[in-house]
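As a plain string of letters, each chain reads:
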Amino acid sequence: MIQIIPAIDIIEGKCVRLVQGDYSQKTTYTPTPLDMAKMFAAHGIKRIHIVDLDGAKASSPCNLNTLEEIASKTELEIEWGGGIKSRESLKSVLGSGADYAIIGSIAAQKPHLFSHWLEEFGGEKIILGADIKGDKISVNGWQEETLYGIEDLVNMFTPHNLSQVICTDISKDGMLAGPAFELYTTLQKKYRKVDFTVSGGIGSMGDIEKLDSLGMRKVIVGKAIYENRITLKQIEQWLQRG
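Residues numbered from 1 in each chain as written. Predicted model: local features only at pLDDT ≥ 70, side-chain atom pairs only at ≥ 80, totals over all residues. Heavy atoms only, no water.

Draft legend 1. Up close: the overall build of the chain. When its secondary structure is counted, the chain shows 11 helices and 12 strands. For a compact globule of 242 residues, the expected C-alpha radius of gyration is about 18 Å, and the chain comes in at 16 Å, within 12% of that figure. In terms of overall dimensions, the chain has a C-alpha envelope of 45 × 40 × 35 Å along the principal axes. Of all 242 residues assigned to the chain, the portion counted as buried reaches 56%. Once local pairs closer than 6 in sequence are excluded, the contacts in the chain between residues at least 24 apart make up 64%. Of the roughly 10500 Å² of accessible surface on the chain, a fraction of 46% belongs to carbon and sulfur atoms. Both charge centroids of the chain, one from 27 positive and one from 31 negative side chains, sit 2 Å from each other. (Helix = DSSP H or I, 4+ residues; strand = E, 2+ residues; numbered from the N terminus. Rg over C-alpha atoms; globule rule 2.2 N^0.38 Å. Buried < 20%, exposed > 50% of the residue type's maximum accessible area, 1.4 Å probe, protein only. Contact = heavy atoms within 4.5 Å. Areas by Shrake-Rupley, 256 points an atom, 1.4 Å probe, with all protein chains shown as cover. Lys, Arg positive; Asp, Glu negative; His and termini not counted. Charge placed at Lys NZ, Arg CZ, Asp CG, Glu CD.)

Structure follows, in structure tokens:
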């Protein structure tokens, strides 16, 4: 059964959602990140996805106090991304309570460094964050396009212990119109030893059920929860079925 991973995006310690990564199209939500994490845990969620949007913009983690708070006050597994561009930042994120560190820009811009981190910290701790615009990887808060496609990066890093990839289709992000089903199923079938997480576009439980039927393993759900398109009760019922 596909694992549902709710998302918490943070700006200045608050829960927000952006549309297609555009900081000017920001919605701020009332519950604190800790409140949201506790609600997710209360409904049976085991793992959450947190993006430090301030960190992504500043190229260095900015909300580690929030990470420490969630890690110390819940039993949730935490995958954390945003601004991890040095070994010191990576160590600080893992040291602050993250179970997994999501790294995107460095992987595309300094692949030798990312390969070294995979080997040093292990593929069970390091997740490749691959954000796609068209057929190319975008970096630095989706503001710059690289020359690489998703398969270029996967091919490059699988010899270095890569086992987890979060792939976000930027064109779908925040649109609630469904994910890029064909993209993800093609990747998962081609690279069976790598766990691909679907990210971007989830708008209903029907999307999740379809991804599950297609053999996908993990899915991140963000705006659909905050906009009540998918309720926590529905997620809880789905988990109970499993």
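There's plenty left to go through after this.
Draft legend 2. A look at unusual backbone geometry. One non-glycine residue with positive phi stands out, namely Ser59, at about 65°. Within the secondary structure layout, Ser59 lies in the loop between helix H2 (53-58) and helix H3 (64-73). What makes Ser59 partly exposed here is its relative accessible area of 33%. Not every positive phi belongs to a glycine, and Asn161 is a case in point at roughly 85°. Along the chain, Asn161 falls in the loop between helix H7 (150-157) and strand S10 (164-169).

These results come straight from atomic positions and should not be treated as a statement about function.
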